[in-house]
Amino acid sequence: MNDQKVKGEEFFQKAEKRLSGWSLLSNKYEDAADLFDKAANSFKLAKSWAKAGDAYAKIAECHLKLDSKHEAANAYTEAGHNYKKIDTVVAVHYLKAAVELFKEIGRLSMCARYCKEIAEIYEQKQDLKMANEQYALAVDYFEMEGVTTTANQCKTKIAEFSAQMEEYPRAIEIYEGIARHSVNNNLLKYGVRGHLLNAGICQLCLGDIVAINNALEKYQELDPTFSGTREYKLLVDLAAALDEEDVAKFTDAVKEYDSMTKLDALRTTLLLRVKESIKAKELEEDDLT
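Residues numbered from 1 in each chain as written. Predicted model: local features only at pLDDT ≥ 70, side-chain atom pairs only at ≥ 80, totals over all residues. Heavy atoms only, no water.

By the naming in an unreviewed UniProt entry, the protein is NSF attachment protein, taken from Cuscuta campestris. Its UniProt record gives the protein the following Subcellular location (unreviewed entry) comment, quoted word for word: "Membrane". Database annotation for the protein, UniProt heading Sequence similarities (unreviewed entry): "Belongs to the SNAP family." (UniProt positions renumbered as here; feature names shortened; annotations may be inferred.)

Peer 1: Which residues make up the overall build of the protein, and what are the values?
Peer 2: Secondary structure summary: the protein contains 14 helices and zero strands in total. Reading the helices (α) and strands (β) of the protein from amino to carboxyl end gives α-α-α-α-α-α-α-α-α-α-α-α-α-α. Compactness check: the protein gives a C-alpha radius of gyration of 26 Å against a globular reference of 19 Å for 289 residues, more than 25% above the reference. Taken over the C-alpha atoms alone, the protein extends approximately 90 × 40 × 30 Å along its principal axes. Of all 289 residues assigned to the protein, the portion counted as buried reaches 43%. Long-range contacts, defined here as pairs at least 24 residues apart, represent 56% of the contacts in the protein between residues at least 6 apart. (Helix = DSSP H or I, 4+ residues; strand = E, 2+ residues; numbered from the N terminus. Rg over C-alpha atoms; globule rule 2.2 N^0.38 Å. Buried < 20%, exposed > 50% of the residue type's maximum accessible area, 1.4 Å probe, protein only. Contact = heavy atoms within 4.5 Å.)

Peer 1: Which residues make up the pattern of salt bridges, and what values go with them?
Peer 2: For the structure shown, the criterion picks out 17 salt bridges. Across the pair Lys 103 and Glu 100 runs a salt bridge, and its minimum N-O distance is 3.6 Å. Of the two residues, Lys 103 and Glu 100 both sit in helix α5 (residues 88-104), three residues apart, roughly one turn of that helix. Via salt bridges that share partners, Lys 233, Asp 237 and Glu 256 belong to a single interconnected network. (Salt bridge = Lys/Arg side-chain N within 4 Å of Asp/Glu carboxyl O.)

Peer 1: Go over helix α8 (residues 148-164) with me, naming the residues and quoting the values.
Peer 2: The end-to-end C-alpha distance of α8 is 24 Å, a good match for the 24 Å that 17 residues give at a rise of 1.5 Å each. Regarding α8, the residues found buried are Thr 150, Ala 151, Asn 152, Cys 154, Ile 158, Ala 159, Phe 161, Ser 162 and Ala 163. After α8 finishes, the residue Glu 166 shows a positive phi value of roughly 65°. (Expected span 1.5 Å × (residues − 1).)

Peer 1: How would you summarise the packing of helix α12 (residues 230-244) against helix α13 (residues 247-260) if you had to cite specific residues and measurements?
Peer 2: Where α12 contacts α13, the axes come no closer than 8 Å and their chain directions differ by 165°. Viewed along their axes, α12 and α13 adopt a mutual orientation that is roughly antiparallel. Remark: the crossing between α12 and α13 carries left-handed chirality. Contact residues: Arg 230, Glu 231, Lys 233, Leu 234, Asp 237, Leu 238, Ala 240, Ala 241 and Glu 244 in α12; Lys 249, Phe 250, Ala 253, Val 254, Glu 256, Tyr 257 and Met 260 in α13. Here the contact of α12 with α13 is built from residues that sort into nine nonpolar, no polar and seven charged. (Axes fitted to C-alpha atoms, helices over the stretch in contact; angles between N-to-C directions. Parallel < 35°, antiparallel > 145°, perpendicular 65-115°, else oblique. Left-handed = near helix turned anticlockwise from the far one by under 90°. Nonpolar A, V, L, I, M, F, W, Y, C, P; charged D, E, K, R; others polar.)

Peer 1: Can you break down the state of the cysteines residue by residue, with the values?
Peer 2: Under the criterion given, the structure shown has zero disulfides. No disulfide involves Cys 115; its nearest neighbouring cysteine sulfur is the one of Cys 111, lying 6.4 Å away. Looking at Cys 154, it has no disulfide partner, and the nearest cysteine sulfur is the one in Cys 115, 9.4 Å off. (Disulfide = S-S within 2.5 Å.)

See the structure below:
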């Protein structure tokens, strides 16, 4: 590995030297790009990720001098992928640079792909706000390219993170939109009740009983089969418990549903928030009396 690192350093220095010189017989940027590529490969073999990333960034700069934006964008993605192993901040910087170049040359599918990758990096860091920003960009690019399935996957992420950040109206709008899009699609219609359940739970988090009941009516109109599901029954029972400020009734409804269909982490978190809000109201009333 050390030998490969030494080789990489040698190629890198030769490339830098080539950039500072000139020749009538060849293009210095093409020559330097080739040497930086050899350096990057050696650094990767040595698992020297930062140096490999730096070499790819240099390749990108050479291709920009040659007005080869596609090659430059590809080099920036390689720089990002090497830095991703050690420094996600730098990785995001290079991936964003790649997205900008792909956008300039109309490669929107590549923009979508790398915006999604950037979003996933932010997601791993639990930076949900930035993750949502990048997922939203990815949605725009995927939809421009007609890739609706992946666009909906990104939308689901945005809704999930919005709900976690207590941005419930945004989450509701997205979940309802995906349900509306899916209801007449044979491949997607079986997921509709899950999206409506998520939207309904977010409505519960807002705590407006009138709005919750209106939403349930709207969901029945959107999908006439929804009223016969356990998801619908759960939302009706929870809405009643919330209206009556009955923690025990709320808990029983959740337990009954969970015994048949395990609640995921997001739904559990949101339902605990609703339960805590009911408890808080009970305490307020106790204090008043």
